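What follows is the residue order along each chain.
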Amino acid sequence: MAMGSFNSQQNQMPTAEINMTPLVDVMLVLLIIFIITAPLMTHSVPVDLPRAASTPTPEKPMTLQVAINAENRIFIGSEGVDRSTLEERFKAAVAQDAHVEMHLKADRATRYETVAETMSAARRAGLTKIGFVTQPGEGS
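What you see is a predicted model; the values in this text were computed from it and never measured.

Would you take a moment to explain the pattern of salt bridges for this structure?
Where side chains of opposite charge bring their charged atoms close, a pairing between them can arise. Counted under the stated rule, the structure contains five salt bridges. Here R89 ties to E79 by a salt bridge, and the two come within 3.3 Å at their closest N and O atoms. With R89 in helix 2 (residues 86–96) and E79 in strand 3 (residues 79–81), this pair connects stretches of sequence that are 10 residues apart. Since its relative accessible area comes to 30%, R89 is described here as partly exposed. Classification of E79 as partly exposed rests on a relative accessible area of 45%.

Shown next, in the form of structure tokens:
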């Protein structure tokens, strides 16, 4: 028996196991810290805003409803419009409201040429905001 040894066996191999206790202790401390600090991060800073006597006036731009049916006829609102007067109608709408928006509804069977001509007439008249109106798909 060797002096200073607590083990009675002479040729024992050291164990190669990982001690998980310190890792679990650290993880539990971190979990407690996150549980305590998470609600504090979601609150906003309290600000006492000044009071105003006026009410906000949201200005909604004028919308121009343009539809093209399956026979390639163009409608503004419910009124049929000839292609030769289409650009003048768009210019009149821009003169009435500079921020006018055009909502374009085209039938599925409409020729692409008609849609492109309508969009180019709107662009030449000064319409910059053009939106396409569609139906929601089956997956929506």
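In this structure, what is going on with the nonpolar core? I would like to understand it.
Where a protein is soluble and globular, its nonpolar side chains tend to be buried together. Grouped together as the largest cluster of nonpolar side chains are 18 residues, with contacts concentrated most on L64, V66, I76, L86, F90, M102 and L127. Sorting the residues of this core by element identifies strand 1 (63–68), strand 2 (74–76), helix 2, strand 4 (101–106) and helix 3 (112–125) as the ones contributing at least two each. Contacts of F90, omitting those with residues within four sequence positions, involve L64, V66, I76, M102, T118, A121, A122, A125 and L127.

What should I look at first to understand the sheet that holds strand 4 in this one?
An order of 3-2-1-4-5 is seen for the five strands of this open sheet, with the pairing classed as mixed. Because the sheet does not close on itself, it has two edges, and the strands there are strand 3 and strand 5 (129–132). Averaged over all neighbouring strand pairs, the angle between strand axes comes to 30 degrees, with direction disregarded. When strand 1 meets strand 2, the two strands line up antiparallel, connected through three bridges.

What should I look at first to understand the environment of G77 in this one?
Checked against the element boundaries, G77 lands in the loop between strand 2 and strand 3. G77 gets classed as partly exposed once you look at its relative accessible area, which sits at 48%. Sequence separation between G77 and V66 is 11 residues, and the spatial gap between their C-alpha atoms is 6.2 Å.

What's the story with the pairing of strand 1 in this structure? I'm lost.
Sheet faces and side chains relate simply in a regular strand, where the side chains alternate between the two faces. Burial of the side chains of strand 1 is restricted to one face: L64, V66 and I68 are buried, whereas none of T63, Q65 and A67 on the reverse face is. Connecting strand 1 to the next strand, strand 2, in antiparallel fashion are five residues, including N72 with a positive phi near 65 degrees.

Just to check I follow, could you spell out the side chain of T114 for this structure?
With respect to the secondary-structure elements, T114 resides in helix 3. A relative accessible area of 2% means that T114 is categorised as buried. At a separation of 3.2 Å, a polar atom in the side chain of T114 contacts the side chain of R83. Each residue touching T114, except ones within four places of it in the same chain, is listed here: I68, N72, I74 and R83.

Reading the values: rules and limits
Residues numbered from 1 in each chain as written. Predicted model: local features only at pLDDT ≥ 70, side-chain atom pairs only at ≥ 80, totals over all residues. Heavy atoms only, no water. Salt bridge = Lys/Arg side-chain N within 4 Å of Asp/Glu carboxyl O. Helix = DSSP H or I, 4+ residues; strand = E, 2+ residues; numbered from the N terminus. Buried < 20%, exposed > 50% of the residue type's maximum accessible area, 1.4 Å probe, protein only. Core = buried A, V, L, I, M, F, W, Y, C linked by side-chain atoms within 4.5 Å. Contact = heavy atoms within 4.5 Å. Pairing = 2+ DSSP bridges. Axes fitted to C-alpha atoms, helices over the stretch in contact; angles between N-to-C directions. Polar contact = N/O pair within 3.5 Å; in protein donor to acceptor, adjacent residues only side chain to side chain.

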